[in-house]
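Below are the chains, spelled out letter by letter.
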Amino acid sequence: MGIIGEKKPKSSSSSSSPSSASHCADLRAAYHNCFNKWYSEKFVKGQWQKEECVAEWQKYRACLSEHLKDKHLSRFLEAEGLDSTTGADPAGVADGAETNPSN
Amino acid sequence: MVKAYEQEHVYKHPWEIVTSASWRKFADPENKRTLSHILDVDTLNHKLDAESGKLYTTRAISIHAPGPWFVRKIVGQDICHCVESTVVDGQSRSMQLTTRNISLQKFIEVEERTRYYPHPDNPRGWTVCKQETSIRIKPLSTLASMAEKVEQRCAERFLQNSVKGREVMERICKYLESESRGITF
């Protein structure tokens, strides 16, 4: 059956090792920490006029795009680009990749 | 073949706390042990509408595939990738998450919709969490016989995990509340 149609890296080990995820781990943690703080201290209190954590986001996003392949994330982007049935994602990941929020 | 499940849970914490906890649920290393099926969460995109107070976020979530061994065997992988789209409306105080699987789509489509909104009887103190899960097995002839089993396993897994998820949510809520009560940063 030609079911395994997904483009997998030609490594033999099927259980993807945690190393593939560790590339951007620090940048991700920095962004998520910043985001969580902003969300619970500002956003929920109605202070949503100013976007924060912009620098953290840009660094993290740059790392992600660099390691898209080993993190299998390209598939997410494809799926998001093709499918807009939820209506919950007007930003559109595929074309939003470079649109970083302005300061 | 579609199965749909609905669950409702009331958190006795305000909406602000509960939705903050929801964001932290997967990322917090403290919870990695409880939610061990979650492997990785990445934010792919986010957008803030500063006028209306709406926040749109897309995250990639990698989990251990919910299927039994024979599904893993056919598919050749044991990691399942999902995309989670979230809309938070700060003005009306609602949070809506939609999670769909990206991998294994040829076999199964799982969609989970979760909504957090203030409880009508106590809008400042309690939060309702409404969750709808639909599981659709693709009618492939080779899979027809095992489909029922897979469906059952998926459903069981989802229910188990949502109970675990609630425990984690409670813990983070309590943590956030004690934090905001006492020593704020």
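Residues numbered from 1 in each chain as written. Chains lettered and ligands numbered in written order. Predicted model: local features only at pLDDT ≥ 70, side-chain atom pairs only at ≥ 80, totals over all residues. Heavy atoms only, no water.

Going by the annotation in an unreviewed UniProt entry, the name recorded for chain B is Protein slowmo homolog isoform X2, with Rhodamnia argentea given as the source organism.

Per UniProt, the comment on chain A under Sequence similarities (unreviewed entry) is "Belongs to the TRIAP1/MDM35 family." (UniProt positions renumbered as here; feature names shortened; annotations may be inferred.)

Section: the overall build of chain A
Within chain A, the regular secondary structure consists of four helices and zero strands. Going from the N terminus to the C terminus, chain A shows its helices and strands as α-α-α-α. The long-range fraction of contacts in chain A, counting pairs at least 24 apart against all pairs at least 6 apart in sequence, stands at 62%. When the accessible surface of chain A is split by element, carbon and sulfur atoms take 53% of a total near 6,100 Å². (Helix = DSSP H or I, 4+ residues; strand = E, 2+ residues; numbered from the N terminus. Contact = heavy atoms within 4.5 Å. Areas by Shrake-Rupley, 256 points an atom, 1.4 Å probe, with all protein chains shown as cover.)

Here we look at the state of the cysteines
Residues and elements named next belong to chain A. Applying the stated criterion across every chain yields a total of two disulfides over all chains. Disulfide pairing is shown between Cys-24 and Cys-63; the S-S distance is 2.1 Å. Given an S-S torsion of about -90°, the disulfide between Cys-24 and Cys-63 has left-handed geometry. Pair noted here: Cys-24 is in the segment before α1 (25–41) and Cys-63 is in helix α2 (residues 54–66), with a separation of 39 residues, a long-range link. (Disulfide = S-S within 2.5 Å.)

Re the nonpolar core
Core analysis: the biggest nonpolar cluster contains 31 residues, and Trp-38, Tyr-39 and Phe-43 of chain A together with Leu-55, Val-88, Met-95 and Tyr-116 of chain B have the highest contact counts within it. Counting residues per element, the ones that place at least two in this core are α1 and α2 of chain A together with α1 (15–24), β5 (94–101) and α3 (144–181) of chain B. Once residues lying within four places of it in the same chain are set aside, the contact partners of Val-88 of chain B are Tyr-39 and Phe-43 of chain A together with Trp-15, Trp-23, Gly-53, Lys-54, Leu-55, Ser-94 and Met-95 of chain B. The next biggest cluster of nonpolar side chains, apart from the first, holds six residues, and it includes Phe-26, Ile-63, Cys-80 and Cys-82 of chain B. (Core = buried A, V, L, I, M, F, W, Y, C linked by side-chain atoms within 4.5 Å. Buried < 20%, exposed > 50% of the residue type's maximum accessible area, 1.4 Å probe, protein only.)

Section: α1 of chain B
An α-helical turn contains 3.6 residues, so any two residues separated by three or four positions project in the same direction. Of all ten residues making up α1 of chain B, ten are buried, and the element is well covered by its neighbours. Taken as a whole, α1 of chain B has its buried residues at Trp-15, Glu-16, Ile-17, Val-18, Thr-19, Ser-20, Ala-21, Ser-22, Trp-23 and Arg-24 of chain B.

Examining the pairing of strand β7 (residues 127–137) of chain B
The side chains of a regular strand alternate, residue by residue, between the two faces of the sheet. Sheet topology note: the strand β1 (residues 2–11) of chain B/β7 of chain B ladder contains ten bridges and is antiparallel. When the sheet's bridge partners are listed, Tyr-11 of chain B is paired in β7 of chain B with Thr-127 of chain B. (Pairing = 2+ DSSP bridges.)

Observations regarding the pattern of salt bridges
A side chain with one charge may pair with a side chain of the opposite charge, provided their charged atoms come close. All names here are of chain B. What the rule picks out here adds up to eight salt bridges over all chains. Two residues, Lys-130 and Glu-8, come together in a salt bridge whose shortest N-O distance is 3.7 Å. Linking Lys-130 in strand β7 with Glu-8 in strand β1, this pair joins segments that are 122 residues apart in sequence. You can call Lys-130 partly exposed: its relative accessible area is 28%. (Salt bridge = Lys/Arg side-chain N within 4 Å of Asp/Glu carboxyl O.)

Some details on the packing of aromatic side chains
A complete count under the given rule lists twelve aromatic pairs over all chains for this structure. Ring centres 5.5 Å apart and planes at 50° place the aromatic pair Trp-38 of chain A and Phe-43 of chain A in the tilted group. Residue class for Trp-38 of chain A comes out buried when judged on its relative accessible area of 5%. Ring centres of Tyr-39 of chain A and Trp-23 of chain B lie 5.9 Å apart, and the angle between their planes is 70°; on these two criteria the pair is classed as edge-to-face. (Phe/Tyr/Trp six-rings, centres within 6.5 Å; stacked < 30°, edge-to-face > 60°.)

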